[in-house]
Structure formats: C-alpha cells, structure tokens
Amino acid sequence: MKYDLITTSLHNNFAKDINYINLGEWCNIKSDGKYQKNGHKTLQYIFDERELLNKKQVYLVDLYESYLGQLKHNLNQLHNTSYNIKFWRILIGPWLKYFIDIIYERYNCINFAYNNYNIINTKVFNYKLENCAPQDFSEFRKEANTDEWNHIIFSEIIKFQSRKFARCSEEIKIKRQNNKYLPRYKKIIKKILIYFNKLPINKNIYTVNSLLGYKDLIKLHLKLKQFPNLFDTLVKPIGIKNRIYDKKLRAHIVFQNHSDEFNLLLNNIIKFYLPKDYIENFNDLKKSAMLNYPKKTNVIYTANAYSYDEVFKYWVARSVTKSDSKFIIAQHGGRSGISKYLQSQDHQIAIADKFLSWGWKNDSSNKIDILSSYKLSKSKKNLKYEKNGNILIIQPTYFKYFYCNLSMPHGPQWLSHLKDQILLIKNLEKNIQNKILVRKAVRNNQIDVNRYFELYNLKNIKFDKYKSFTDSANNSRLCIVTDNSTILLECMTANFPTIIYWDKDYYELSSEAEKIFDSLSKCGIFHYSYTSAATKINEIHGNISSWWNCIQTQEARIKFCKKYCYSNENWLLEWSNYFTKLNKN
C-alpha cells in the first residue's frame, strides 16, 4: 500500500483518496496538548526497542567529541581566539550533545518509516532556515519540543535524502517569546547587585544559582567570612542583545567530509542551528561576562547554571582556563547515580573540578565528592504524612518529542507510561480510587493529562491544586512515585510512605542502583508492574504505617538513603568546612 507521510500535528486537511501514515504518536497531539487521533495509522516508535539506541551510546559520544573539536577550531578562527577544548565544552557542550542526539533520533524515525513502508509523498511547509537559529541553549530546549521546529527538521532530513515531497505555500515560523520588560526599579536593583557582585570581598568562593534559600545563602557566605553574594538568587541570567542572523559569518563553519550519511547530514545543518550566542552575539557575551562578574575568583559553585546561563558559562569557561579557578557543580535533583544513562551528569563531571553528589560515587571518576543535600535536609523536616489523607500520584513532565538521552520514556513512550498509571488506578479497590490525587508536573506539560484520563473513563479523578509538593504530601498518607525524580529522594529522606512504580525498560538502572532497588522490591516499596504496585496498595491501605515502619521496609529505605539521599541537619557547618578547605588547597 502507498502512503503519504504525516510528520507532525501541523498536517491537516487530509484528502479522502489518499492513505496517510503518522510518523509518531506526536502527530495525534494538538498544539493545546489535546490527544486526539487523526484517524490514520501510526508507526511504531523505532526506539521502543531500547537497545537500538543504547547500543549507539559510544557512537554518539564519539560523534559529539569529533564535532566539539571541529567547532573549537571553527569558533576560535571565527572569533580570533585560542580557547582550548575545555572552554568550548563548557560553553557549547550542553547544546551540542542535545542537538546531535535529537537529530539522530529524528533521522532514525524518518529512515524507519521509508524503509518499512511504501511512502510516496509528504507535505513540507514553507520556512526559512535562517529563522531556526535560537539565541541560546534555553531557547533551543523549548523549541526542540514544538511542532514547527520538528517539522522543519524532518523536512530537512527528507530533502537531504532526496525523497519526494509536496511543497506547501503556507509558511510556518518557530514561535518565540519576547523578553519581558523589566521595570525601572528592578533595573536599578539589578545594577546595585551587580556592583556589589564585583567587589573584591566576594572573590574567594563565588556562587551562582546555588538553589539555597535566600536566608541560608547569606548564612553560608557569612560562615565563609565573606560578603553575601546577593547576585546568586536575585538576578536571573543576564540577557544580551540578540543580533541578526549572519549568513556570511556562518559560512565559515565547515566540517570534515565523511562517508557516513548521518555525519553528512550534521555537516549540512549544524551551522543553521548553532545558537546566536556562540556566533553573532559572542562579543556581547564576552563583554557582558567581563562587565558583570569578578575578574578573578578561587572557587565557582553552581547547582544548574552550567547548562542554561550563557553569560555565566562564558565567564566560568574563561576563569577555569585562564585563571585556574576551581569549578564545582552540585547534584540538584533525582536520577543522578541511579540512572544507567544520564548525559547531563556525564557532562557535569567532565567540566567540573569537583562534582558534589548526595551519597553515591562512581568508580570511573575521582572528581566526585559527597556533600549533604541542602534540599533533602530541608525536606526531612518539612514532609509529614497525614494518616487519613489522600493517595498522591506524582507525574513527570511529558514531552511530545525525544529531547535528551537518559533513562526515562522517550517521545511517544509517554503514552505507555501514562496508560500504566491509569491501569494502576483501575486495579485499585473502589474505595481507594476515591482517595487518589494526581499531581501533574509543575513545568509546562505538553500533554493534556486530564483529557487522557477522560478517554479511559476516569473523569472523576481529582487533580492536585496545591502549589507546592510539600503541601500536597502533608495532606496525603501515601505517595506513588512514577518517575526517577527528586521527589522520590525527598520522600525516602523524610521517611514518608512511598510506593515506586516504573517500567524497567524505560528507567534503566545503573549496576549499583540495581542492587539497592532489589532490596526495595523485596519489601514492597519498588515495583516493575502496575499490577504488582496496585496489589501492594490494596494490601497495605488499611494500615500503611504498619507496613512502612516494619524492620524489613525501614532497613531497605535506610540502605537507599545512605547511597542516594545524604542529608545533614548541620549542613551549614559541613558546607562551610568543605568550601573553606577547597579554597585553601
């Protein structure tokens, strides 16, 4: 049978005399997140067979290293600089790894479709490639999960492979948000903070986005005998002027010829998608970093500014390569040490002088130090379960498209993950179902979860309206965790009754974590199937405390916490001692 390929949900107005086929489940999700089948056959997701992607991990890392080296040469020539590979790894590394992995996934989706079905045509909207370059990594992350961005990428792959397509006159553009206007009084406050930020009294240990509470941040700085760095939490990433796309400038970005088709595809499109902060805006980036940050500091610490804050990244890259500053990155959430695949963790360890974990170590790196988690130390005090409260189900953020190589559901696999939650609920006794409260992810979800629950006749399920997870938990008797997230660590640290359920095919565990999770499985905390989880909840519902506080359950929980949830009531003293020692060495 002959087919026309539908690449995204932007396709509509289907002809009655043509057979259509959806490239993926994302074609059935409208821009408002509504899941609504368009009536056409949908291809199986190629990476449902996870090993196909997992076997390519070394290949993709090698590819990343190759392009990083070539871009180092290209960008140094372009900007008349001589920065080393570490500088460019810090600055462009997050974008480059994400981009290569995303394009590889999209490339394989297209190949799978054409290799397995007789596809004779597809619609390609009108677009301009020069409009595809984002300003920075953050803008890229948002755009890579939009239909417009993905339609253009799929179209570029189809064109590159010289496949037949029908050009549509309708033009599409990647939707971008304008920078919000900053009121005058906030501009004044920002200038004052930046002024104090640059004073020599702040030069020893410098923090940016430490994720500490404002008051505790001040306490830490005073403990370190230095003026508090208010810049840490009160000033968002410094914005710079976004200049016009320069086609002539980007023409200088060239790569080595290669016989591999995927390499040739990357050679063809990378220059169009490189963020402007690395090309057109680079001099502004440099000036802003020198204007807003100290010229020299001994220790630089962050929890997550290493990925999204371009001005900070430039300053760090220059400081560690030119001034020998020590760069310290701390674990800031779940997955770390537990997931078998986690590219952000690999990147952090690669660029940091020290990576601070919440209890685990990695035999392959001597950069990892263990330091108590500030967040978990607070959660231990704040989370208290309510004996007669709700049964809280925690959902992850669902994305329509694959965006990052890590151990979790990719792209359309969200469908299976969400369906399993629904089947778990349906396998609960009716009186227990009435106590279910579903907490959707705080970040913008690309899937209308409410609508999906309705499709399975669960219209009466309650959705959480509390703003904070703490409030939700403190009104619940049991937390069902369906994702390898920070909330899992918070619950276990606070000794909060918890059931963990996820599909082992999606949430691959590290070899060390497998042993720990085996103990959790034996006592009924951890489950690989929704039927097993539902059976356990039905069993313990009448007396959750008895099960949770029994010796076997508590021993397994404590074993888990020692490995992944190190907290300390006296974290302030521990932290100040650690950074003081680091500053002296």
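See the structure above.
Remember, it's a predicted structure, so these values are computed and weren't measured experimentally.

Basis of the calculations
- Residues numbered from 1 in each chain as written.
- Predicted model: local features only at pLDDT ≥ 70, side-chain atom pairs only at ≥ 80, totals over all residues.
- Heavy atoms only, no water.
- Helix = DSSP H or I, 4+ residues; strand = E, 2+ residues; numbered from the N terminus.
- Rg over C-alpha atoms; globule rule 2.2 N^0.38 Å.
- Buried < 20%, exposed > 50% of the residue type's maximum accessible area, 1.4 Å probe, protein only.
- Contact = heavy atoms within 4.5 Å.
- Areas by Shrake-Rupley, 256 points an atom, 1.4 Å probe, with all protein chains shown as cover.
- Lys, Arg positive; Asp, Glu negative; His and termini not counted.
- Charge placed at Lys NZ, Arg CZ, Asp CG, Glu CD.
- Patch = residues over 30% accessible without salt bridge, like charges linked within 9 Å, V, L, I, M, F, W, Y side chains within 5 Å.
- Salt bridge = Lys/Arg side-chain N within 4 Å of Asp/Glu carboxyl O.
- Axes fitted to C-alpha atoms, helices over the stretch in contact; angles between N-to-C directions.
- Parallel < 35°, antiparallel > 145°, perpendicular 65-115°, else oblique.
- Left-handed = near helix turned anticlockwise from the far one by under 90°.
- Nonpolar A, V, L, I, M, F, W, Y, C, P; charged D, E, K, R; others polar.
- Core = buried A, V, L, I, M, F, W, Y, C linked by side-chain atoms within 4.5 Å.
- Pairing = 2+ DSSP bridges.
- Polar contact = N/O pair within 3.5 Å; in protein donor to acceptor, adjacent residues only side chain to side chain.
- Phe/Tyr/Trp six-rings, centres within 6.5 Å; stacked < 30°, edge-to-face > 60°.

### So, the overall build of the protein
Thinking step 1. For the protein, the helix and strand inventory stands at 25 helices and 16 strands.
Thinking step 2. In summary, the protein has a C-alpha radius of gyration of 25 Å against a globular reference of 25 Å for 585 residues, a match within 12%.
Thinking step 3. Considered along the principal axes of its C-alpha atoms, the protein spans approximately 65 × 65 × 50 Å.
Thinking step 4. Buried positions account for 58% of the 585 residues belonging to the protein.
Thinking step 5. In the protein, 76% of the contacts between residues at least 6 apart in sequence involve partners at least 24 apart.
Thinking step 6. Accessible surface, the protein: about 26400 Å² in total, of which carbon and sulfur atoms supply 48%.
Thinking step 7. In the protein, which carries 88 positive and 54 negative side-chain charges, the distance between the mean positions of the two groups comes to 6 Å.

### A closer look at a nonpolar patch on the surface
Thinking step 1. A grouping of Ile-188, Ile-192, Tyr-195, Phe-196 and Phe-227 is seen on the molecular surface, where their side chains present a nonpolar patch of about 480 Å² in accessible area.
Thinking step 2. For Phe-196, a relative accessible area of 36% translates into the label partly exposed.

### Some words on the packing of helix H3 (residues 85–116) against helix H10 (residues 261–273)
Thinking step 1. H10 packs onto H3 with a crossing angle of 125° between their chain directions and a minimal axis gap of 11 Å. Between H3 and H10, the angle is such that the two are oblique. For the pair H3 and H10, the sense of crossing is right-handed. Across the interface between the two elements, Trp-95, Phe-99, Ile-100, Ile-103, Tyr-104, Tyr-107 and Asn-111 of H3 pack against Glu-261, Phe-262, Leu-265, Leu-266, Ile-269, Ile-270 and Tyr-273 of H10.
Thinking step 2. Looking at the contact of H3 with H10, its residues break down into twelve nonpolar, one polar and one charged.

### Notes on the nonpolar core
Thinking step 1. Ranked by internal contacts, the top residues of the largest apolar core, which has 177 residues, are Trp-95, Phe-99, Trp-149, Tyr-273, Phe-453, Phe-517 and Phe-560.
Thinking step 2. Looking at which element gives the most residues to this core, the answer is H3, with 18 residues.
Thinking step 3. The contact partners of Phe-560, leaving out residues within four places of it in the chain, are Ile-338, Leu-488, Leu-489, Met-492, Ile-516, Phe-517, Leu-520 and Cys-565.
Thinking step 4. With 18 residues, the next largest nonpolar core counts Ile-205, Ile-328, Trp-575 and Leu-582 among its residues.

### Thoughts on the pattern of salt bridges
Thinking step 1. The tally for this structure, following the rule as stated, stands at 23 salt bridges.
Thinking step 2. The partner of Lys-175 in a salt bridge is Glu-148, and the shortest N-O contact between them spans 3.7 Å. Of this pair, Lys-175 sits in the loop between strand S5 (166–171) and helix H6 (184–197) while Glu-148 sits in helix H5 (residues 147–160), placing them 27 residues apart in sequence.
Thinking step 3. A relative accessible area of 64% means that Lys-175 is categorised as exposed.
Thinking step 4. A salt bridge links Lys-378 to Asp-216, with the nearest nitrogen and oxygen atoms 3.1 Å apart. Of this pair, Lys-378 sits in helix H15 (residues 374–382) while Asp-216 is found in helix H7 (residues 214–223), placing the two residues 162 residues apart along the sequence.
Thinking step 5. Of the residues examined, Lys-378 reaches a relative accessible area of 29% and is grouped as partly exposed.
Thinking step 6. By relative accessible area, which is 9% here, Asp-216 ends up buried.

### Quick look at the sheet that holds strand S16 (residues 526–527)
Thinking step 1. If you walk across this open sheet you meet the six strands as S13-S12-S11-S14-S15-S16, and the pairing is parallel. Here the strands that pair on one side only, and so sit at the sheet edges, are strand S13 (462–463) and S16.
Thinking step 2. With three bridges joining them, strand S14 (residues 476–481) and strand S15 (residues 498–501) adopt parallel strand pairing. Across the sheet, Cys-479 pairs through a bridge with Thr-498, a residue of S15.
Thinking step 3. Sheet contacts for helix H20 (residues 486–493): strand S11 (390–394), S14 and S15; angle to S14, the most-contacted strand, approximately 140°.

### Overview of the sheet that holds strand S10 (residues 368–370)
Thinking step 1. Across the sheet, which stays open at both edges, the five strands sit in the order S6-S7-S8-S9-S10 with parallel pairing between neighbours. Each of the sheet's edge strands pairs with one partner strand only, and the pair in question is strand S6 (205–208) and S10. On average, each strand axis in the sheet is tilted by 25° relative to the strand beside it, whichever way the strands run.
Thinking step 2. Pairing of strand S7 (residues 299–302) with strand S8 (residues 326–330), which is carried by four bridges, proceeds in the parallel orientation.

### A closer look at the packing of H3 against H5
Thinking step 1. At a minimum axis separation of 10 Å, H3 and H5 run at an interaxial angle of 60°. The angle between the axes of H3 and H5 places the two elements in the oblique class. Judged by the sense of rotation from one axis to the other, the crossing of H3 with H5 is right-handed. Residue-level contacts link Phe-99, Ile-102, Ile-103, Arg-106, Tyr-107, Ile-110 and Tyr-114 of H3 to Trp-149, Asn-150, Ile-153, Phe-154, Ile-157 and Ile-158 of H5.
Thinking step 2. Here the residues of the contact of H3 with H5 are counted per class, giving eleven nonpolar, one polar and one charged.

### Quick word on the environment of Thr-531
Thinking step 1. Inspection of the secondary structure assignment puts Thr-531 in helix H22 (residues 530–540).
Thinking step 2. In this structure the C-alpha to C-alpha distance between Thr-531 and Leu-423, which are 108 residues apart in sequence, comes to 8.0 Å.
Thinking step 3. Side-chain polar atoms of Thr-531 contact the side chain of Ser-529, separated by 3.1 Å.

### Observations concerning the packing of aromatic side chains
Thinking step 1. With the rule as written, the count across this model stands at 54 aromatic pairs.
Thinking step 2. Relative to Tyr-104, the ring of Tyr-59 lies with its centre 5.9 Å away and its plane at 55°, an arrangement referred to as tilted. In this pair, Tyr-59 sits in helix H2 (residues 57–79) while Tyr-104 sits in helix H3, placing the two residues 45 residues apart along the sequence.
Thinking step 3. You can call Tyr-59 partly exposed: its relative accessible area is 25%.
Thinking step 4. A centroid spacing of 5.7 Å and a plane angle of 85° characterise the contact between Phe-517 and Phe-560, whose relative ring orientation is edge-to-face. Within this pair, whereas Phe-517 is found in helix H21 (residues 511–522), its partner Phe-560 is found in helix H24 (residues 551–564), the two being separated by 43 residues in sequence.

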